[in-house]
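# Chains, contacts and geometry: an overview
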Amino acid sequence: MSETTYVQLLYLACGGLLLTSVLMLWRRELAVLIRVFAVQGFALAVIAGLAALHHGGIELGAVAVGILVLRVGILPWLLRRAVAAVGPASRETRPLVNVAASLLVAAVLTLLAYAVSRPLVELAPAAATSAIPIGVAVVLIGFFVLITRRRAPSQLVGFLLMDNGITAVGLLTTAGVALTVELGVALDVLLAVLVLQILTGRMRETFGDTDVAELRELHD
Amino acid sequence: MNPTGLALGVALVLGVFAAVLGAATRKHLRARAVGAVTALCGAAGTIAGISAMCGTRYYAAFPALLPLSGVTITVDSTSGLFLAVTGAVAFVSAVYGVGYARADANGRLPQAVFPLFVITMMLVVSAGNVGALLVCWELMALCSLVLVLTEHHRRPEVARAGRWYAVMTHLGFVAILAGLLVFTAAADDDTFPALRVAAHHLSPTTASVVFVATLLGFGSKAGVVPLHVWLPRAHPEAPSHVSALMSAAMVNLGVYGIVRVGFDLLGGGQRWWWLLTLALGGISAVYGILHAAMSTDLKRLLGYSTTENMGLVLIGLGAAGLVADDPVVAGLALAAALLHMVNHAAFKTVLFLAAGSVQRGAGSRDLDALGGLSGPMPFTTAAFGLGALAASALPPGTAFVSEWLLLQALIHARPSAGAAAVVMMPIAVAAVALTAGLAVATFVKAFGVGFLGRPRSAGAAAARESPASMTAALGIAVAVCAVLAVLPTILLSQLGSLASGLLRTGSPAAMDGIVVRLVGVSGALSPLMLAVVSVGAALGLVAVVRLVLTRQARRAARLWDCGAGPLSARMEYTATSFAEPLQRVFDDVVQPETDVDVTHARESAYLVEAIEFRNRVLDRIERWLYTPLLRAVSVWAAAARRLATGSVHRYLGYGFYTLCGLLILLAVTR
Amino acid sequence: MSALGIVGGVVQPLAVVAGSPVLVGMMRQVRARLEGRAGPGIAQPWRDLRKLFGKEPIAPRGTGVVFRAAPYALVATTLVVSFVAPLATVDSPLDPVADLFAVVALLTAGTVALALAGLDTGTAFGGMGASREMTIVALVEPTLLVAVFALSVPVGSTNLAAIVSSTLRDPARAISPASLLAAVALVIVIVAETGRLPVDNPSTHLELTMVHEAMVLEYAGPDLALVELASAMRLGVFLALLANLFVPWGIATTAGPFAVLGGVLALAVKVVVLGLALAVGEVFLAKLRLFRVPELLAGSFLLALLAVAASFFLA
């Protein structure tokens, strides 16, 4: 694979990463969110795969396969199950910040990501590192989704978005990620998803709803 | 004395003469005499300005004229630009005033002060030292205040507007005073060359204090958010020819101050200053046009639009300072800002004067009560339509060229200009673009609702066209607008060399007569070709349709009324209803107050007898920033009343104690 | 002013005027077939235009010169754009006018003329349509200009010919993230500007949902024909611009007859493909509530801004 093709494909995958994050902020149906999440996982796997091909590392190749299995296969499946259990009310009806405003906030967050990650890029200027701001932007957008959504499943999506962003930053820094680290992170995420899935189930049983605001009832 | 000085001198003498005429002539002659002589004064000022822009500088010193500092007059090319704009606006307003003031503002005081206002503005930009600048600035503020208050005995809201204006303009003056005095303290004397020398060894903190204080002071005169609150109150309440002079000429002096202090005297300075300027500009542009879009008072709408346009100018200034490392783009941004300022002066004159004609002809400036003016007031309608086209950044309009230049400058800022620049440029482009979009909606509303359709009130139905002097003035202003729209190149090369002089770099925009071609970056635009092709296409189309496709005459027919009888004006969309969707979209930003009162019939709660709907869009910044401030001030004032008991001895005592205290302080510290 | 530019200046307006109604006819036919109707055939818009041009011109009482002039202004601005923009040939007869900002502003000027005509009628419908249309225009403008910004940053110019020929030279640019994001943003904007679903329904005459149709309700006969022709032309021009900004291949770069013919054919193919995709998409869409439209436009604005960001990040 020539250098320019590698760069083109890498940037394309990064663009896909950013586009899917925006869509996850934009759309509110959980089913759509999960589909978009799977696409994003694929984009992430492509980034890892490209890095593996370019640097010729077996470990990175394994990471790519792992990402593909976990983020395109297992996590969406788990999420879909959680949503299926929730039933028809599977729509983020009223996020804390309205959609138009949150889209504008995302725009600002992206520019912020660019501003803060410039020093990182300048440490080792290369084709891959110059895409780091995109990873940081995905992290910030994920965090924003996490804090503005009312329903536990869509908060979960925000959490996963953040994790995708962190992985992307890891992959894009020239060193790449060690297999063990990636494995550990993957297990962590899996665990978190399972825990949250159980929590969602319990919440629905207790309150008949997955609105996180209801947790305030537990306070006193 | 060179031509510049001669013309300036003539302008000043004519101005004083006009003021004397205003105070001394009989009532029926007054408007004509003052108008004619002030117009000549404005024309002389324009000539002086153009001569200075062409390179004939003028310098004179009158050490005895003002205690301590004396008066220095320096007319360089920067002064020349502002002098020419002020003179031109004064010329048109004065001609308009012949017809307009005779009916509405023909008192001895307003007529005598009007020419004085013109010459104080000219003196502000010609002042060559801080002392003279400050004195002229204050005189200008006082003159404009008197003019704003012209109609105070007829309408109480004029007095309220005057109070806001008086307080805000003096706070601005205090800021300028503080900033310039700090600056002068570091220099040998208070002339501009001495300040330029002093700027080199000014500590960064002091320089920042000077810049921020003057930015706030001059910015308040330019109506920059959040110091804009006086502008949409005071500009509409003044007589219309004064409104035009204030909105098209006086606000420019705020820009003059920022350019003079920031670029010329301080020589650029630190990057965050310009980031601040850019941010203030962006906020002003969007906030101003948003409120203009919601306004139903025609002159208030124009006042908010002034805030918007000054915001755009500040975006240009900020961008120029921000990318000062890149001389080509910086020069382009500065030239774009200055061109936009000139364009704004041209179209805002047209719009305010046309609004004055409407107020006079139709008896109202409330858009909800206007409409149907294209029949009875054809000239005014055409002038306002062309002015609105010029203001809404559509081709072949005036503002289109300057906004195109501004966008070119923002687009060509390279990533090497630093993270701040890279992050700010897309935001600035978005702000300019949103402003442009909202400006289109605003002026479609102002023109479409105010002038087209059918009359919404008896006054509008009985409207009549203005006298010849007023339409003539409108015609001149429209002609200037049109020339600026299609041939900006005649001005742009001058502005380019002016900008490069201020930034000490090469010229940013070249010209070959009809095409604006940027130098150093790629980009070309020919407004003349655009206008000719568009008009040609439209005429060709008319010919084809009329001669080839349909040859029948038009038949008059009824409008579609759903078969329910003739339509009345009450069924028309009003300005309020026109802006309602926008108001809903920007609900979170403007937070309108809406009340609906439903009165039910006595017989049944299901029958509605009357519905009352009230909708007010208040200035949110005013409510959040100024209301608490005013409350705090009044609390303090109440506390201070205890000091004033009415005893004369006590008052004298205060003076005595303060004097003694100061002396003791001196004795201790020295 | 090159020979190619002059040829383009002659061929393009003719192609746009002749082809746009056919494009609209095709889109309607595709929709009809997908919805299980027979459809009137692709030449129906031209038959409608012929009929309308043959009718008597009408001057509704109470309307003025703005109402009469608006259809001409609308068609004229679109004609100018099809004259100067690189649609079938890469050169422009008037290069200093073929600027992306100028073209966008010209098309907006046409919309403004129609909105003023709506207000000039003094009817509730006219005002309603004008108000809604201007709201949408005000919100579309930022996206449009920011997308333009994203496209011109890598090229260093907003000149259309420069952008098109730069993509021709460097085909990899077409799949860069910046241009993909900008493309998505521009598609949404074009849907809003040309009044297609889900922003506006071109085939509705229901009072509460009309936008474009409400403004032109009072037009009849030849005036209506001009308005209909103009909206078809605008659709064609917008789609052609979209196609050439991102997929310029096939555009004529020399003035030979075969090259120009090839350019026109390539243009037709690209526009038809885009138009059919739009038509097929519309079958599955419902009209958005008017007050949900800003959400859509905010999304497209974000995409445009991300395109700018990407063109800086990955520069």
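About the cut-offs
- Throughout this document, residue positions are counted from 1 along each chain, in the order its sequence is written.
- Chain labels run from A onward and ligand labels from 1 onward, assigned in the order the entries are written.
- In view of the model being predicted, local features appear only for residues whose pLDDT reaches at least 70, and side-chain atom pairs are presented and counted only at 80 or more, with totals across whole chains, interfaces and linings using the full set of residues.
- The way it works is that DSSP assigns letters per residue, a run of H or I at least four long becomes a helix, a run of E at least two long becomes a strand, and they are numbered from the N terminus.
- Between the two quantities, the radius of gyration covers C-alpha atoms and the globule rule is 2.2 Å times the number of residues to the power 0.38.
- Here a residue counts as buried when 20 or more other C-beta atoms fall within 10 Å of its C-beta, as exposed when 12 or fewer do, and as partly exposed in between; the C-beta atoms come from the backbone.
- Each residue is represented by a C-beta atom placed from its backbone, and any two residues with such atoms within 7 Å are regarded as in contact.
- To estimate how far a helix should extend, the number of its residues minus one is multiplied by 1.5 Å.
- Axes here refer to lines fitted to C-alpha atoms; in helices the fit is confined to the stretch in contact. Angles between the N-to-C directions go from 0 to 180 degrees.
- Any angle that is under 35 degrees is reported as roughly parallel, and any over 145 degrees as roughly antiparallel; angles of 65 to 115 degrees are reported as roughly perpendicular and all others as oblique.
- Each crossing gets its handedness from the near helix: less than a right angle anticlockwise from the far helix is left-handed, clockwise is right-handed.
- Classes in brief: Ala, Val, Leu, Ile, Met, Phe, Trp, Tyr, Cys and Pro nonpolar; Asp, Glu, Lys and Arg charged; the others, Gly included, polar.
- pLDDT is a per-residue confidence score from the predictor, ranging from 0 to 100.
- Here a strand pair is declared whenever DSSP counts at least two bridges between the two strands.
- The term nonpolar core refers to a group of buried residues, namely Ala, Val, Leu, Ile, Met, Phe, Trp, Tyr and Cys, whose C-beta atoms join them within 7 Å.
- UniProt positions are given in the numbering used here, feature names are shortened, and annotations may be inferred rather than shown by experiment.

So, about the overall build of chain C. Along the backbone of chain C there are 11 helices and 1 strand. The linear arrangement of helices and strands in chain C, starting from the amino end, is α-α-β-α-α-α-α-α-α-α-α-α. Relative to the 2.2 N^0.38 estimate, which gives 20 Å for 315 residues, the radius of gyration of chain C is 19 Å and therefore close to what a compact globule would have. In terms of its C-alpha atoms, chain C occupies a principal-axis envelope of roughly 55 × 45 × 45 Å. Expressed as a percentage of its 315 residues, the buried residues of chain C come to 67%. The contacts of chain C with a sequence gap of at least 6 include a subset with a gap of at least 24, amounting to 80%.

To continue, consider the overall build of chain A. Within chain A one finds 7 helices and 0 strands. In sequence order, the secondary structure elements of chain A are arranged as α-α-α-α-α-α-α. Classification of the 220 residues of chain A by burial places 47% in the buried group. Residue pairs in contact within chain A that sit at least 24 positions apart in sequence constitute 73% of those at least 6 positions apart.

Its 17 residues place the ends of helix H5 (residues 132–148) of chain A 25 Å apart at the C-alpha level, agreeing with the 24 Å of an ideal helix rising 1.5 Å per residue. Buried residues dominate H5 of chain A, accounting for 14 of its 17 residues.

Here we take up the environment of Gly 41 of chain A. Residue and element names in this part refer to chain A. Here Gly 41 shows up in helix H2 (residues 30–55). Of the residues examined, Gly 41 has 25 C-beta atoms within 10 Å and is grouped as buried. In the structure, Gly 41 is positioned 42 residues away from Val 83 in sequence and 19 Å away in space, judged by C-alpha atoms. Each residue touching Gly 41, except ones within four places of it in the same chain, is listed here: Ile 67, Arg 71 and Val 72.

Another aspect to go through is the packing of helix H13 (residues 327–362) of chain B against helix H18 (residues 468–486) of chain B. Residues and elements named next belong to chain B. Put simply, H13 and H18 touch, their axes get as near as 9 Å, and they point 155° apart. For the element pair H13 / H18, the angle class is roughly antiparallel. Seen along the crossing, H13 lies across H18 with a hand that is left-handed. Mapping the contact onto sequence places Val 342, Asn 343, Ala 346, Phe 347, Thr 349, Val 350, Leu 353, Ala 354 and Ser 357 in H13 and Met 470, Ala 473, Leu 474, Ala 477, Val 478, Val 480, Cys 481 and Leu 484 in H18. A breakdown of the residues in the contact of H13 with H18 according to their chemical character gives 14 nonpolar, 3 polar and no charged.

Any residue range with low pLDDT should be treated as having predicted coordinates unsuitable for detailed reading. Per-residue pLDDT for chain A has a mean of 78; in total, 79% of the residues score no lower than 70. Averaged pLDDT values for the elements of chain A fall to 68 in helix H7 (residues 179–207) of chain A and rise to 87 in H5 of chain A.

In this section: the interface of chain C and chain B. The interface of chain C with chain B comprises 73 residues on the first partner and 63 residues on the second. Per-element tally for the side of chain C that touches chain B: the top contributor is helix H5 (residues 124–155) of chain C, with 19 residues. Tallied by class, the residues present in the side of chain C that touches chain B amount to 50 nonpolar, 15 polar and 8 charged. Here 3 bridges tie strand E6 (residues 555–557) of chain B to strand E1 (residues 58–60) of chain C, and the two strands are oriented parallel to one another.

Next up on the list: the nonpolar core. Ranked by internal contacts, the top residues of the largest apolar core, which has 446 residues, are Val 350 of chain B together with Val 146, Ala 147 and Ala 307 of chain C. In contact with Ala 307 of chain C, other than residues within four places in its own chain, are Ala 147, Ala 150, Ala 178, Leu 181, Ala 182 and Ala 185 of chain C.

All names here are of chain B. At the junction of Val 225 and Pro 226, the peptide bond is cis and its omega measures out at 5° in the coordinates. When you line up the elements, Pro 226 lands in the loop between helix H8 (204–221) and helix H9 (231–237). Even without glycine at this site, Gln 591 takes up a positive phi of about 45°. Looking at the element boundaries, Gln 591 is found in the loop between helix H22 (587–590) and strand E7 (593–600). With 13 C-beta atoms counted inside 10 Å, the residue Gln 591 sits in the partly exposed group.

Moving on, we get to the UniProt feature "transmembrane region" (unreviewed entry) in chain A. Residues and elements named next belong to chain A. UniProt marks residues 6–26, 33–54, 60–79, 99–117, 123–147, 159–177 and 183–200 with the feature "transmembrane region" (unreviewed entry), using the numbering shown here. Here residues 60–79 runs as 100% helix and 0% strand, with 26 Å between its end C-alpha atoms. Secondary structure content for residues 99–117 is 100% helix and 0% strand, and the end C-alpha separation is 26 Å.

Moving on, we get to the environment of Met 424 of chain B. Residue position: Met 424 of chain B is located in helix H16 (residues 419–451). Discounting residues that sit within four places of it in the chain, Met 424 of chain B has contacts with Leu 275, Leu 278 and Leu 322 of chain B.

What follows concerns the pairing of strand E2 (residues 71–75) of chain B. Among the 5 residues of E2 of chain B, 5 are classified as buried, and the element is accordingly described as predominantly covered. Side chains of E2 of chain B alternate between two faces, with Val 71, Ile 73 and Val 75 of chain B and Thr 72 and Thr 74 of chain B buried alike.

With that settled, the discussion passes to the interface of chain A and chain B. If you look at the interface, chain A gives 5 residues, while chain B gives 5 residues. Here the residues of the side of chain A that touches chain B are counted per class, giving 4 nonpolar, no polar and 1 charged.

Residue and element names in this part refer to chain C. The UniProt entry lists residues 6–27, 65–88, 100–122, 134–154, 174–192, 235–252, 258–284 and 296–314 under the feature "transmembrane region" (unreviewed entry), expressed in the numbering used here. Between the end C-alpha atoms of residues 6–27 there is a gap of 31 Å, over a span that is 100% helix and 0% strand. Between the first and last C-alpha atoms of residues 174–192 the distance is 24 Å; the span itself is 84% helix and 0% strand.

Next up on the list: the packing of helix H5 (residues 130–148) of chain B against helix H6 (residues 156–185) of chain B. Residue and element names in this part refer to chain B. Two numbers describe how H5 lies on H6: the axes approach to 10 Å, and their chain directions differ by 175°. Relative to H6, H5 is oriented roughly antiparallel. Each of Val 130, Leu 134, Trp 137, Glu 138, Ala 141, Leu 145 and Val 148 in H5 lies in contact with H6, whose residues at this interface are Ala 161, Gly 162, Tyr 165, Ala 166, Thr 169, Phe 173, Ile 176, Leu 177, Leu 180 and Thr 184.

Before going further, it helps to examine the environment of Asp 163 of chain A. Structurally, the position occupied by Asp 163 of chain A is in helix H6 (residues 152–172). As a C-alpha pair, Asp 163 of chain A and Ala 186 of chain A span 23 residues in sequence and 9.3 Å in three-dimensional space.

Attention now goes to the confidence of the model for chain C. In the predicted model, chain C carries a mean pLDDT of 88, and 99% of its residues have values of at least 70. Interface confidence in the predicted complex, given as ipTM, is 0.94; pTM for the same model is 0.91.

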